[in-house]
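So you can see what is in the structure, the chains are spelled out below.
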Amino acid sequence: MVNNLIWYLTLFSMLLVCIVFIYIVLNASKKTEDYLVIQKKGYQLRKYFFACLLVLLLIGSSRTLINLPYDKPSTQAAQSTVIKVDAIQFGWKISQKTVKVGEPIEFQVSSSDVNHGMGIYNEEMILLAQTQAMPNNKNTVYYTFQEPGTYKILCLEYCGVAHHLMVGTIEVLP
Ligand code: CUA
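Described below are features of the structure shown in this document. All values reported here derive from a predicted model rather than from experimental measurement. (Residues numbered from 1 in each chain as written. Predicted model: local features only at pLDDT ≥ 70, side-chain atom pairs only at ≥ 80, totals over all residues. Heavy atoms only, no water.)

### Remarks on the side chain of Asn122
So, step 1. Examined against the element boundaries, Asn122 turns out to sit in the loop between β5 (116-121) and β6 (127-133).
So, step 2. Of note is the side chain of Asn122, whose polar atom sits 2.9 Å from the backbone nitrogen of Ile126. (Helix = DSSP H or I, 4+ residues; strand = E, 2+ residues; numbered from the N terminus. Polar contact = N/O pair within 3.5 Å; in protein donor to acceptor, adjacent residues only side chain to side chain.)

### Thoughts on unusual backbone geometry
So, step 1. Residues Gln89 and Phe90 are joined by a peptide bond in cis, for which omega reads 10 degrees.
So, step 2. With respect to the helices and strands, Phe90 occurs in the loop between β1 (81-88) and β2 (91-94).
So, step 3. You will see that Met125, though not glycine, has its phi angle at about 60 degrees, which is positive.
So, step 4. Inspection of the secondary structure assignment puts Met125 in the loop between β5 and β6.
So, step 5. Although it is not a glycine, Asn136 sits at a positive phi angle of roughly 55 degrees.

### Section: the sheet that holds strand β7 (residues 139-144)
Within a sheet, adjacent strands bond to each other through the backbone by hydrogen bonds, running parallel or antiparallel.
So, step 1. Across the sheet, which stays open at both edges, the four strands sit in the order β2-β1-β4-β7 with mixed pairing between neighbours. With one partner strand each, in any of the chains shown, β2 and β7 form the two edges of the open sheet. The sheet shows a mean angle of 25 degrees between the axes of neighbouring strands, direction not considered. (Pairing = 2+ DSSP bridges. Axes fitted to C-alpha atoms, helices over the stretch in contact; angles between N-to-C directions.)

### Points about the nonpolar core
So, step 1. If you look at the biggest cluster of nonpolar residues, it comprises 23 residues, and the most contacted ones within it are Val85, Trp92, Phe107, Met118, Phe145 and Ile170.
So, step 2. Those residues in contact with Met118 that sit more than four places away from it in its chain are Val85, Trp92, Val109, Ala129, Gln130, Thr131, Ala133, Val141, Ile153, Leu154 and Leu156. (Core = buried A, V, L, I, M, F, W, Y, C linked by side-chain atoms within 4.5 Å. Buried < 20%, exposed > 50% of the residue type's maximum accessible area, 1.4 Å probe, protein only. Contact = heavy atoms within 4.5 Å.)

### Thoughts on the packing of aromatic side chains
So, step 1. Throughout the structure, instances matching the rule amount to three aromatic pairs.
So, step 2. With a centroid separation of 5.0 Å and an interplanar angle of 75 degrees, the aromatic rings of Tyr143 and Phe145 are classed as edge-to-face. Like Tyr143, the residue Phe145 is buried in the burial classification.
So, step 3. Grouped by ring-pair contacts, the aromatic residues Phe107, Tyr143, Phe145 and Tyr151 constitute a single cluster. (Phe/Tyr/Trp six-rings, centres within 6.5 Å; stacked < 30°, edge-to-face > 60°.)

### Comments concerning the pairing of β6
Within a regular beta strand, the side chains point alternately toward one face of the sheet and then the other, so they alternate between its two faces.
So, step 1. Sheet topology places β5 next to β6; six bridges connect them, and they run antiparallel. In the strand pairing of β6, Gly119 is matched with Gln130.
So, step 2. Between β5 and β6, which follow one another and run antiparallel, lie five residues, and Met125 among them has a positive phi close to 60 degrees.

### Topic: helix α2 (residues 35-65)
So, step 1. Over its 31 residues, α2 runs 43 Å from end to end, which matches the ideal 45 Å to within 8%, given 1.5 Å per residue.
So, step 2. Counting buried residues in α2 gives zero out of 31 residues, a small share hidden from the surface. (Expected span 1.5 Å × (residues − 1).)

All quantities given are derived from atomic positions and should not be read as evidence of function.
Spelled out as structure tokens, the structure:
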């Protein structure tokens, strides 16, 4: 539904761009205006556009980056359980495979060889959290499981012939 809407919007925008191009081509030779006047107007518009863009970017960035890392428990909350996740071609070394519902988990993710991606999926195969697993680097992702079950850890980055075999599990108890 959303995909279709975006597709039609894209088609419509492409059509608009085409119309503008055709209009410009057809009118290009008709009249000549003083270039300097147009240039001055253009530069003024550009300044205004740039200022607006800057404000929008600053607001957007501060609104989204301020919560990083997402789902980090507040200082008043109980300490997180640290689980070390090490990616290797082709599997996962997970330091602790059983946790409890509501227990804040801090996943410390790294890799022993190449770049991998760590994605945590629930039983409906919905991605809940993810980060990159990089050699010589530790990425932290916080997650608190809300329902018991068997969760999967899959590799999200093509890392070699057996990339698809990188499946790990975490058991969440009530
Ligand atoms: Cu590891 Cu793909």
